[in-house]
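Chain and residue survey
Okay, here's what each chain looks like letter by letter:
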Amino acid sequence: MAYLHERKQLHEVTQDLAAVAMGRQPADLIIRGGRLVNVNVGRIQDNVDVVVRHGWIALVGNADHVLQDEQTRVVEAGGRFLVPGFIDSHMHVESSMVDLRSFAAGVLPHGTTTICPDNHEITNVFGLRAVELFKQSAAGLPLKVLVAMPVCVPSIPGFEDAGAVITDQEVAEAYARDWAALQGEQMNFPGVIYGDPGVHAITAASLRAGRVLTGHYASADLNAGLNAFAACGLTADHETTTAEGAMRRAELGVYVQQRYGSAWLDLPNLIKAVLENPGIDTRFFSMVTDDVSPATIAYEGHLVRVVRKAISLGVPPITAIQMVTLNAAQLLEKARWIGSIAPGRAADILLVSDLSAVTIDQVYADGVLVAEGGKMAVDLPAYQYPQWALRSVHLNPLTPGDFRVLTDSAQPVTVRAMRLVPGMVHTEEELVELNPVQGELCADAARDLAKAAVFYRHAPQEGLTGTRGYGFVTGLQFNPGCAYASTVSHDCHNLLVVGTSDQAMSLAANALIECGGGIAVVVNNQLQAVFPLPLGGLMSLETVEAAAQKVREIEAALKLAGCPHDSVEMTLSLLGLIVLEELHLSNRGLVALKPGQPPQFTSLVVEPQEA
């Protein structure tokens, strides 16, 4: 039978909590004889009991006097560790390629009990109604879902076209309707530091609503720019890739959200700020996943994987756990509710048999056993989505001619190519000389040069000027006759196609137009793998395990296409993310973002005086 979770508010139950703690009323749950990982003081306490009533912790200490009745559940910890549930303060459910219900079932067994999903992926497709949809689909879940209001739709107005536009009015409405608990990442950091009125209107709306504002500061300027960003109320950031950048953020009171996802693995570089400074106060250091694939969740875990990595790098287990519990809760200004095992906090408790290996035996959410032995202990119901959410690709079939890049020059030309950097979120601009072939600029697999195209795929809009943009990509190592297509293309999620032949590119694109979005790979001009993602063209309605198998098929096809890199589909999904350095492609063309400069359009072909 499907399980629907009920959650009481603290103000409703304070009399009962006091009565339980004083021994006047029976408890719902008593966990006896655990080793408490006390994140409040950073030490382990032996032989501790935890008492729960109505999903809230009533007592931490000795429970010999606490009353029991036939409804009381008593769990013998047997010396196992009692750890607070893990909190991911910045992540995107859409990157897991499953919906929120399947995601919850995938991560709860791994100890994640609270997430802050910035659902700007699906909001770029559907607008404000996607935020409402996320809030509605979270109802009845034991996973705490604090929706982070998307504020960059599109990521940089005027440089790309999404399926919607979010302004300060929509942001204010989401808060007023209680659809969003905090502000999502402000990716348009140039707009913040250079004073864009629209960006600052959104910032004002979040500040007026008393929300925590999270950021995305992808710049190497750690003085003027970072100070300007922080001065506007941005209290957290996950984009730094260096220990220096991490330390500087912490020094300025900006929470460092150390990222360790499936493709961008920044934690080993960032954690040096802690490891190389013994005795440093680590309260401003947290850890997040940002983007993790279903394969990562299914085979390696969620936040627990990040904690294990930190411990393997030399971080003491208690410190690592603080970074995904108390520190994260304080970042969110929710430490009175979550983040520690203490009276008056939600009973999100992990029973851990090996602290260094972070072996999670049981997971309690609001005092309910929801997972045990790495499996869900309750069945979560599926969510019935409206038809508009399952129909988001509005493109007619494409022909090979739609992928031609024409030129008037009969002489060799120099083009700007986007070089992929495996495992990193940014690209590097590279100048490549090409010989036109019958008036076209073509891909050249022998030189590791693929063609890229981005097509606007959302509902028709009046006044739309740029429906497609073209570029070149290097670093992918595709063989001849190969292509990759995806409607998962951050953040506008237009149709991205990369390939070494126009025929292969049209074949991959049309496979997705036909199935309503997803990912497709063509090898030797034949369709090799397709992963349909009907929900917004971004998410499957299958389980994490089923989605993980589909991702494996896509990754195996990419290897057959010649690409040697792991999880490269996630790296490819960022080719359209124009808020990252240095060169990216939108449906309007190439966008350059160089250090210390605002974004600007740039030509595909380099003028002679520029070369």
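Residues numbered from 1 in each chain as written. Predicted model: local features only at pLDDT ≥ 70, side-chain atom pairs only at ≥ 80, totals over all residues. Heavy atoms only, no water.

1. Focus on the layout of surface pockets
Here is the rule we go by: Space inside and on the surface of the protein is sampled on a 1 Å grid over the protein atoms alone, with a cavity defined as a set of points where a 1.4 Å probe fits but cannot get out and a pocket as an open set with protein on both sides within 12 Å along at least 5 of 7 lines; lining residues have an atom within 4 Å of a point. Grid points are joined across faces, edges and corners, and a volume is the space filled by probe spheres set on the points. Secondary structure elements follow DSSP: runs of H or I of four or more residues count as helices, runs of E of two or more count as strands, with numbering from the N terminus. Nonpolar residues are Ala, Val, Leu, Ile, Met, Phe, Trp, Tyr, Cys and Pro. Charged residues are Asp, Glu, Lys and Arg, and all others, Gly as well, are polar.
Taken as a whole, the largest pocket encloses approximately 540 Å³ of empty space. Taken together, 23 residues make up the lining of the largest pocket; nearest its centre are Arg7, Lys135, Val145, Leu146 and Trp337. If you list the elements that add at least two residues to the lining of the largest pocket, you get α1 (10–21) and β8 (144–145). Within the lining of the largest pocket, the residues separate by chemical class into 13 nonpolar, 4 polar and 6 charged.

2. Details of the environment of Lys451
Here Lys451 lies in strand β21 (residues 449–455). The sequence separation of Lys451 and Met505 amounts to 54 residues, and the corresponding C-alpha distance is 9.0 Å.

3. Some remarks on the domain arrangement of the chain
To keep things clear, this is the line we draw: Each domain span listed reflects an automatic or database assignment of domains. We call two residues in contact when some of their heavy atoms are within 4.5 Å. Here the buried area means the combined drop in accessible surface, using a 1.4 Å probe, for two parts upon being joined, counting both sides. Here, a salt bridge means any Lys or Arg side-chain nitrogen found within 4 Å of an Asp or Glu carboxyl oxygen.
Taken domain by domain, the chain holds domain 1 (85–291 + 317–340) and domain 2 (389–606). The centre of domain 1, based on its C-alpha atoms, is set 27 Å off from the matching centre of domain 2. Taken together, the contact between domain 1 and domain 2 spans 42 residues of the former and 51 residues of the latter. Summing both sides of the interface, domain 1 and domain 2 together bury roughly 3,700 Å²; the carbon and sulfur share of this comes to 68%. If you look at where domain 1 meets domain 2, you find 1 salt bridge. Between Asp161 and Arg588 there is a salt bridge, with its nearest N and O atoms 2.8 Å apart.

4. Remarks on unusual backbone geometry
Note the cis peptide between His490 and Asp491, where omega equals -5°. Within the secondary structure layout, Asp491 lies in the loop between β23 (483–486) and β24 (495–499). Each neighbour pair has its own omega, and for Glu581 with Glu582 the value is 0°, a cis peptide bond. Tracing the backbone through its elements, the reader meets Glu582 in the loop between α18 (568–572) and β27 (583–586).

5. Quick look at the state of the cysteines
To keep things clear, this is the line we draw: For this text, the term disulfide refers to a pair of cysteine sulfurs within 2.5 Å.
In the structure shown here, the tally under the stated rule is 0 disulfides. Cys152 forms no disulfide, and the closest cysteine sulfur to it belongs to Cys492, at a distance of 10 Å. Looking at the unpaired Cys482, the closest cysteine sulfur is the one in Cys563, lying at 10 Å.

6. Quick notes on the sheet that holds strand β11 (residues 213–215)
The line we're drawing: Note on pairing: DSSP must find at least two bridges between two strands before they are called paired. Throughout, an axis means a line fitted to C-alpha atoms (over the contacting stretch in the case of helices), and angles, computed between N-to-C directions, take values from 0 to 180 degrees.
Taken in spatial order, the 6 strands line up as β9-β10-β11-β12-β13-β14 in an open sheet, and their pairing is parallel. Both edges of this open sheet fall to β9 (148–149) and β14 (285–288), since each of them pairs with a single strand only. In terms of strand pairing, β9 meets strand β10 (residues 182–186) through 2 bridges, oriented parallel. Pairing of Ala148 across the sheet is with Leu182, part of β10. Along the sheet, helix α7 (residues 197–208) contacts β10 and β11; its crossing angle with β10, the most-contacted strand, is approximately 155°.

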